Amino acid sequence: MTAELDPNTIVYFRGKYVPLREAQVGILTHALHYGTGVFEGIRGYWDDGEHQVFLVRPREHYQRWKRNCGILHIDVPASAEELTAITADLVRRNAFHTDIYVRPLAWKCAERIGVSTDDRDAFALVAVPFGEYLHSDTGLHAGVSTWRRIEDNAIPARAKICGAYVNSALASDDARRAGFDEAILLNENGQVAEGATCNLFMVRKGDLITPPVTENVLEGITRDSVMELAVRVMGLKVVERPIDRSELYICEELFLTGTAVGIAPVVRVDHRAVYDGAIGATTREVRRLYFEATRGHLRAYRKWVFPAFPAATPREQQEPETNAVSLAEMSVR
Ligand SMILES: Cc1ncc(COP(=O)(O)O)c(C=O)c1O
């Protein structure tokens, strides 16, 4: 849970920069009744050394958002580059010198009764100061939820569709009431899908294993970053395959990934210790690399971060792709 935002915070709302207190929607708004909106979540991390807020993979987030809006026939009339520029502008206008979270939201904005949609769409971008979402430094206790992950043919889980988050809210609320830090949802086949707001990885026999994107999971950008770092930097094998519930109880390591949660180690599941109940070496290293990459410290992954303030240090976006990342390439400092 995060604190309420200062009502004077500048947000981008329906084509204008306005104070948050003026960014209001009417009570009959279609999306409010029927969940017909699509949101996104983007991190910005403050780096003291460079006096900079680095937006993490904003273009990929905005590309995903625009594609997923298409599922609901919502048009966002701005390119991923334009949206990234507006986001950086919000950081500057609000003079955020801290870690932030950006919440883009596009929605069906007609104000009338009736579930059928029309072409009236709107979008807004809100940036908020944001620290840790889950306090995961010592490892989380996750519980397998009795709620099942929504099916692609009901509401696609791969898109951040507002209405679909009732599924996450039910699971997350139950988990917290039962004393867990986070819920893990199974799909209708009884196999592991993901956390309420995050993807899931386990380590077995040294390999990193995660459910494929066809198991009713969100196609996470952090998931993608972790897979890239694991294969190209750590030299691990990453396997996308269905995961049985009971594998969570016998695996060597378990962690959750997401824009809000970052890389969150899980040390207990359903009151059972994951391995010896301590955070494993692979999880620690993935976490460290992700931290460094998203603060702009890894030269090879400088392309993942976008500076919100005029850059003191030029970005190295144009770096050629390489197949392997050597340790010599890793550090900017
Ligand atoms: C259900 C769900 N799964 C996974 C994720 C992680 O996705 P990403 O890494 O793109 O933030 C999220 C993020 O909000 C989510 O809501």
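Per chain, residue numbering runs from 1 following the sequence as it is written. Totals for whole chains, interfaces and linings use every residue, but because this is a predicted model, local features are given only for residues with pLDDT of at least 70 and side-chain atom pairs only at 80 or more, for both listing and counting. Computation of side-chain values covers all heavy atoms of the structure but excludes hydrogens and water.

## Digging into helix α4 (residues 165-177)
Alright, step 1. The terminal C-alpha atoms of α4 lie 18 Å apart, and with 13 residues this matches the ideal 18 Å at 1.5 Å per residue to within 8%.
Alright, step 2. Each residue is assigned to one of three classes by its accessible area relative to the maximum for its type, calculated with a 1.4 Å probe on protein chains only: buried under 20%, partly exposed between the two thresholds, exposed over 50%. Helix numbering and strand numbering both begin at the N terminus, where a helix is a DSSP run of H or I of at least 4 residues and a strand a DSSP run of E of at least 2. Three or more residues of α4 are buried, namely Y165, N167, S168, A171, S172 and A175. The arc that holds the buried residues of α4, viewed along the axis, is 145 degrees, so those residues lie on one side. Projecting away from the buried face of α4 at angles above 90 degrees are the exposed residues V166 and R177.
Alright, step 3. Buried residues along α4 sit against β3 (37-39), β8 (140-148) and β9 (182-186).
Alright, step 4. With its phi angle positive at about 95 degrees, G179 sits one or two positions after the end of α4. Expected helix span is given by 1.5 Å per residue-to-residue step, counting one fewer step than there are residues. To obtain the arc, one takes the directions from the helix axis to the C-beta atoms. For this analysis, residues touch if any pair of their heavy atoms sits within 4.5 Å.

## A closer look at the site of the ligand
Alright, step 1. Whether a residue is near a molecule or strand depends on its heavy atoms: it is near if one of them lies within 4 Å of it. Not every one of the 16 residues close to the ligand is listed here, only the nearest: K160, Y165, E194, T222 and T259.
Alright, step 2. Side-chain atoms alone can form a polar contact between residues adjacent in sequence; in general such a contact is a pair of N or O atoms within 3.5 Å, and within protein one must be able to donate a hydrogen while the other accepts it. Here an oxygen atom of the ligand and a side-chain polar atom of R64 are 2.7 Å apart.
Alright, step 3. Residue E194 places a side-chain N or O atom 2.6 Å away from a nitrogen atom belonging to the ligand.
Alright, step 4. Here the ligand loses 96% of its free accessible area of 390 Å² to cover by the protein chains. Accessible surface is estimated by sampling points in the Shrake-Rupley manner with a 1.4 Å probe; for residues, cover comes only from the protein chains shown.

## Re unusual backbone geometry
Alright, step 1. The phi torsion at H51 lies on the positive side, around 50 degrees, for a residue other than glycine.
Alright, step 2. Its location among the elements puts H51 in the loop between β4 (42-47) and β5 (52-56).
Alright, step 3. You can call H51 exposed: its relative accessible area is 53%.
Alright, step 4. Positive phi, close to 50 degrees, is recorded for K205, a residue that is not glycine.
Alright, step 5. Of note, K205 is situated in the loop between β11 (199-204) and β12 (207-210).

## Overview of the state of the cysteines
Alright, step 1. The disulfide criterion used throughout: a pair of cysteine sulfur atoms within 2.5 Å. In this structure the tally under the stated criterion is zero disulfides.
Alright, step 2. Left without a disulfide partner, C109 is nearest to the cysteine sulfur of C69, which lies 12 Å away.
Alright, step 3. Sulfur of C198: no disulfide; nearest cysteine sulfur belongs to C251 and is 15 Å away.

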